[in-house]
Amino acid sequence: MIYVYIAFILFLLELAYFQVARKLNIVDKPNARSSHQRVTLRGGGVIFYLGGLVYILFFGLNDPWFRVGLTLIAGISMVDDVQPVSSKVRLVFHFAAMLLLFAQWELFGSYPWWYIPIALVFCTGIINAYNFMDGINGITGGYSLAVLGLLTYVNGFVVPFIDADFLYVSLISVLVFNFFNFRTRARCFAGDVGSVSMAFIVLYVLGTLILKTGDLSWIVFLAVYGVDSVLTIVHRLMLKENIFNPHRKHAYQLMANELKIPHVMVSGLYAVLQVAIGAAFLYTGDHHWLYVAVVLLVLCTAYVLFKRRYFHLHVQAMANR
């Protein structure tokens, strides 16, 4: 019953944020790089952070350094949704949040010092990749539901590694957000505050599992996002583009924009594919790294073939703008 109360509270908080966003004009206006055509409220993903506050209210402050880091990274992202913030300033906040997350994981003093800068770059890259993938209705909410669902299953039936209530509350916050976003005409977008906050939450949970088991292969739970993000960056570097500028070259964007596949279908495809990959991983036994290699090879091949066949449509579309 307690989860029903939490869902009701989060639903009301989301509606309250809509009122604030309208008064402050926190909206996303379509432009040449957008995948939508209507002015839409931005920052609805703040519910992921608010879900964390509700969790503390009901279950206590069990992970203080993580919560401070989440507050930092959500705060600067919310500011960025209202008024653009320098990339250097954002990076400082991201690094600070990551160091706090490392403190929660007790990395300092437990590993050689050179692990820290490597982990800092790797984890910050994951956060930003997750943010870059937030470009169509339902993709952040759908994919996050898939990943958190997999992690919840692992926590309950494979190896306990984190407080289950934290996972349940996070899932509820995603479901509330999806009610308003996973639809043909979204009532709100996640905004940077949503995609970055959720990325930080997913990273915390997944990283905790990896540290608990000593097995990095759990990273396969982010395989679909990872391949699209990394290969799109490589593609843009090949095109000699600034990879930090907005664009529409991700595979999911090509599907939604040039191939005109409905957003929710594309988002659903990414989520279902990730669930299938993650579920199959659980049955690989001692061959998990071989499975990861095969999955990455198949996804990379599919990405390259897809881009080779359809990328000319994107080039034509941009030339006509």
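One structure accompanies this document, and this report is about it. (Residues numbered from 1 in each chain as written. Predicted model: local features only at pLDDT ≥ 70, side-chain atom pairs only at ≥ 80, totals over all residues. Heavy atoms only, no water.)

1. A few points about the packing of helix α7 (residues 164-181) against helix α8 (residues 191-213)
At a minimum axis separation of 12 Å, α7 and α8 run at an interaxial angle of 155 degrees. For the element pair α7 / α8, the angle class is roughly antiparallel. As for how α7 packs across α8, the hand of that crossing is left-handed. Residues F166, L167, S170 and V174 of α7 touch α8, and the partners they reach there are M198, I201, Y204 and V205. (Axes fitted to C-alpha atoms, helices over the stretch in contact; angles between N-to-C directions. Helix = DSSP H or I, 4+ residues; strand = E, 2+ residues; numbered from the N terminus. Parallel < 35°, antiparallel > 145°, perpendicular 65-115°, else oblique. Left-handed = near helix turned anticlockwise from the far one by under 90°. Contact = heavy atoms within 4.5 Å.)

2. What to know about helix α4 (residues 87-105)
Across its 19 residues, α4 extends 26 Å between first and last C-alpha, which sits within 8% of the 27 Å expected from 1.5 Å per residue. Along α4, the positions that sit buried rather than exposed are H94, A97, M98, L100, L101, F102, Q104 and W105. In this structure, the buried side of α4 is in contact with α3 (64-82), α5 (115-132) and α8. Remark: E106 follows α4 within two positions and exhibits a positive phi of approximately 60 degrees. (Expected span 1.5 Å × (residues − 1). Buried < 20%, exposed > 50% of the residue type's maximum accessible area, 1.4 Å probe, protein only.)

3. So, the pattern of salt bridges
Under the counting rule described, the total for this entry stands at five salt bridges. Notably, a salt bridge pairs D80 with R90, separated by 3.7 Å at the nearest N-O pair. Placement of D80 in helix α3 and of R90 in helix α4 is noted, with a sequence separation of ten residues between them. For D80, a relative accessible area of 11% corresponds to the buried category. As a salt-bridge pair, R236 and E241 come within 2.8 Å of each other at their nearest N and O atoms. For R236, a relative accessible area of 4% corresponds to the buried category. Given a relative accessible area of 26%, E241 falls into the partly exposed group. Look at the salt bridges and you will find they share partners, linking R236, E241 and K249 into a network. (Salt bridge = Lys/Arg side-chain N within 4 Å of Asp/Glu carboxyl O.)

4. A short note on empty space enclosed by the protein
If a probe the size of a water molecule is rolled over the atoms, the empty space left behind becomes visible. This structure, assessed with the given rule, holds one cavity of 30 Å³ or more. Here the largest cavity defines a volume of roughly 60 Å³. If you list the elements that add at least two residues to the lining of the largest cavity, you get α2 (46-59) and α7. Class assignment for the residues of the lining of the largest cavity results in five nonpolar, four polar and one charged. (1 Å grid on protein atoms, 1.4 Å probe; cavity = no way out; pocket = protein on both sides within 12 Å on 5 of 7 lines; lining within 4 Å. Points joined across faces, edges and corners; volume = space filled by probe spheres on them. Nonpolar A, V, L, I, M, F, W, Y, C, P; charged D, E, K, R; others polar.)

5. Points about the packing of aromatic side chains
According to the stated counting rule, one finds 26 aromatic pairs in the structure shown. Relative to F166, the ring of Y55 lies with its centre 5.7 Å away and its plane at 75 degrees, an arrangement referred to as edge-to-face. Pair noted here: Y55 is in helix α2 and F166 is in helix α7, with a separation of 111 residues, a long-range link. With respect to class, Y55 is no different from F166; both count as buried. (Phe/Tyr/Trp six-rings, centres within 6.5 Å; stacked < 30°, edge-to-face > 60°.)

6. Observations regarding the environment of Y143
Note that Y143 resides in helix α6 (residues 139-157). Placed 129 residues apart in sequence, Y143 and V272 show a C-alpha to C-alpha distance of 8.2 Å. Residues contacting Y143, with those up to four places away along its chain left out, are Y130, G138, F221, L222, A223, V224, Y225, Y270, A271 and Q274. A polar atom in the side chain of Y143 sits 3.2 Å from the backbone nitrogen of Y225. (Polar contact = N/O pair within 3.5 Å; in protein donor to acceptor, adjacent residues only side chain to side chain.)

7. Structural notes on the nonpolar core
Ranked by internal contacts, the top residues of the largest apolar core, which has 92 residues, are F200, V220, F221 and Y270. Ranked by residues supplied to this core, first place goes to α8 with 13 residues. Once residues within four sequence positions are removed from consideration, F200 is found in contact with F66, G69, L70, I73, A97, M98, L101 and I127. (Core = buried A, V, L, I, M, F, W, Y, C linked by side-chain atoms within 4.5 Å.)

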